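Remarks on the overall topology
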Amino acid sequence: MSSEQLPQNYYFHKLPNGIELIGQYMPSLSSTTLGFQFDAAVIHEPADKPGLAHLFEYMLFQGTKQHDARALNEAFESLGARKGASTGLETSQVWAQIVHTKLDATLELLREVILQPTFPRNELDQMRNIVLQEIRRRDDEPMSRIFELVRSNFYHGSPLGRPMLGSDDTVRALQRQDLQNFWQERYQPNNMLFAIAGKFDWEHVVAKIEELFGSWQGNAQALTLQKPQPSNSIALEHQEGKQEHIAMMVPFPNYMDEDYYAAQVLSEVLGGGMASRLFVEVREKRGLVYGVSAGLAGNKQIGVLRVYAGTTPEQANECLKVIVDELRKLEQDGITPDELERAKIQLKSELVMRGEGSGSRMGAISRSWWYERKFKTISEVKEAIDGVTQEQVLKVLRRFSPLSPLTVAAIGPLQHDELVGDTLSF
């Protein structure tokens, strides 16, 4: 891709060994955020080792050939750098946020982390215990578990349905060799995207990345997933108490779909805020919930509309019925012109506020490049949101029913008939 094809202040370069570099120059900032993104996430774990990718995220910063964990942290702190790693279903990222004058020294430390991790045995038990605590906290908090329950059923039979943290048994069984194998298989130059946003000199960035990573050789094997085939289903997890947590997932346009921004509008109207239909109908008018929301999720294979409601066992059946009624009204009638305009204003406001920092822009360009191999400027996204019409919204609802195939999950004391009654016929 030539520089003439890129928007102003956006950059792309590819090294001979396969590493891709992207950047957004933001001259008004003094900060810089950079990230190394890999296809090394939950879906890439061996099927019998759930939780490996999340433990790996912790272990990356526990020592290199030059620095032990304490010395490594002190080195980053001496630069005033914020650093970390994150792992999702499809990708992982090692990142740092710095004052732009500390770029070279930060990149040199991150090179150690990525190319020379040691996964020390004396740190493994400590990091494992942290993950085990997270698992216990997840298992003790139904509001956290409900989303894994609905996701595991929506993506039934797919690696996308795996638990992010794994289980107590699987994490206890993980060994240092598992971490080394995962690193050797997934951390390869053809599998790495480097992204930077903020204040920087692009030619210097390219030269520095080539100096530090240009001699790195290797190839990660591509992973091909079959598109999930969700079906109507209800999954209940019994737990005594005074709360009933309900979650729903239904296929919807994903990030690459031509109707993605119309789907965003629909999601905003349905459950995006205090003026949304679900908030007004379920909470304000009837007082059935202490929390209700809707939003988009998804991946390269499939997009998702997700709904959550937290209620009491006594009100759960009515709550579910009202939500289903609102989904049915949405499918049958679409949205009003006023709702369309309000949703556009809200989405654009959120876009602008998110786009003011180097961290959010680094994440945004990484996502757009990973999904579509192109940049989406803030102006282009605003234009796409502005361009959503009533007809496009109706087109989405013709293509994707918000009621079918519907995956429903609930955690609480209610049995199936008590929760569902005659609201759903499957």
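Residues numbered from 1 in each chain as written. Predicted model: local features only at pLDDT ≥ 70, side-chain atom pairs only at ≥ 80, totals over all residues. Heavy atoms only, no water.

Time to look at the overall build of the protein. Helix and strand counts for the protein come out as 16 helices and 11 strands. For the protein, whose C-alpha radius of gyration is 23 Å, the value lies close to the compact-globule estimate of 22 Å for 426 residues. The burial tally for the protein puts 55% of its 426 residues in the buried class. Sequence-distant contacts in the protein: of pairs separated by 6 or more residues, those separated by 24 or more amount to 82%. Accessible surface, the protein as shown: approximately 19200 Å² in total, 46% of it carbon and sulfur. Charged side chains in the protein number 45 positive and 56 negative. The centres of these two groups are separated by 2 Å. (Helix = DSSP H or I, 4+ residues; strand = E, 2+ residues; numbered from the N terminus. Rg over C-alpha atoms; globule rule 2.2 N^0.38 Å. Buried < 20%, exposed > 50% of the residue type's maximum accessible area, 1.4 Å probe, protein only. Contact = heavy atoms within 4.5 Å. Areas by Shrake-Rupley, 256 points an atom, 1.4 Å probe, with all protein chains shown as cover. Lys, Arg positive; Asp, Glu negative; His and termini not counted. Charge placed at Lys NZ, Arg CZ, Asp CG, Glu CD.)

Here the focus is the UniProt feature "domain: Peptidase M16 C-terminal" (unreviewed entry) in the protein. Within this structure's numbering, the places UniProt gives as "domain: Peptidase M16 C-terminal" (unreviewed entry) are residues 174–347. Between the C-alpha atoms that bound residues 174–347 there is a distance of 42 Å. The span itself is 41% helix and 24% strand. (UniProt positions renumbered as here; feature names shortened; annotations may be inferred.)

Moving on to the nonpolar core. Membership of the largest hydrophobic core comes to 54 residues, with the highest contact counts inside it found for Leu34, Phe36, Phe61, Tyr187, Phe194, Ile209 and Phe213. Apart from the residues lying within four places of it in its own chain, the contact partners of Phe36 are Ser92, Gln93, Val94, Leu107, Leu110, Ile114, Met192, Leu193, Phe194, Ile209 and Phe213. Core analysis: the next-biggest nonpolar cluster, separate from the first, contains 53 residues, Phe252, Val282, Val322 and Trp370 among them. (Core = buried A, V, L, I, M, F, W, Y, C linked by side-chain atoms within 4.5 Å.)

Another aspect to go through is the environment of Tyr255. Within the secondary structure, Tyr255 sits in the loop between strand E8 (244–252) and helix H9 (260–271). Expressed as a C-alpha distance, the spacing of Tyr255 and Gln97, which sit 158 residues apart in the sequence, is 26 Å. Among all residues touching Tyr255, those that are not within four sequence positions of it are Tyr260, Arg367, Ser368, Tyr371, Glu372 and Lys376.

Before going further, it helps to examine the packing of aromatic side chains. Counting across every chain of the model gives 23 aromatic pairs. A ring pair is formed by Tyr255 and Tyr371, whose centres lie 4.9 Å apart and whose planes are at 45°; its orientation type is tilted. In this pair, Tyr255 sits in the loop between E8 and H9 while Tyr371 sits in helix H13 (residues 358–372), placing the two residues 116 residues apart along the sequence. Given a relative accessible area of 8%, Tyr255 falls into the buried group. Judged by its relative accessible area of 14%, Tyr371 falls in the buried class. Seen in terms of ring centroids, Trp370 and Tyr371 are 5.1 Å apart; in terms of plane orientation they differ by 80°. Their pairing is edge-to-face. Taken together, Phe38, Phe56, Phe119, Phe182, Trp183 and Tyr187 form an aromatic cluster joined through their ring pairs. Above the plane of the ring of Trp370 lies Lys300, whose end atom (NZ or CZ) is 4.1 Å from the centre. Taking the ring centre of Tyr255 as reference, the NZ or CZ of Lys376 above it sits at 4.3 Å. (Phe/Tyr/Trp six-rings, centres within 6.5 Å; stacked < 30°, edge-to-face > 60°. Lys NZ or Arg CZ within 6 Å of the ring centre and 35° of its normal.)

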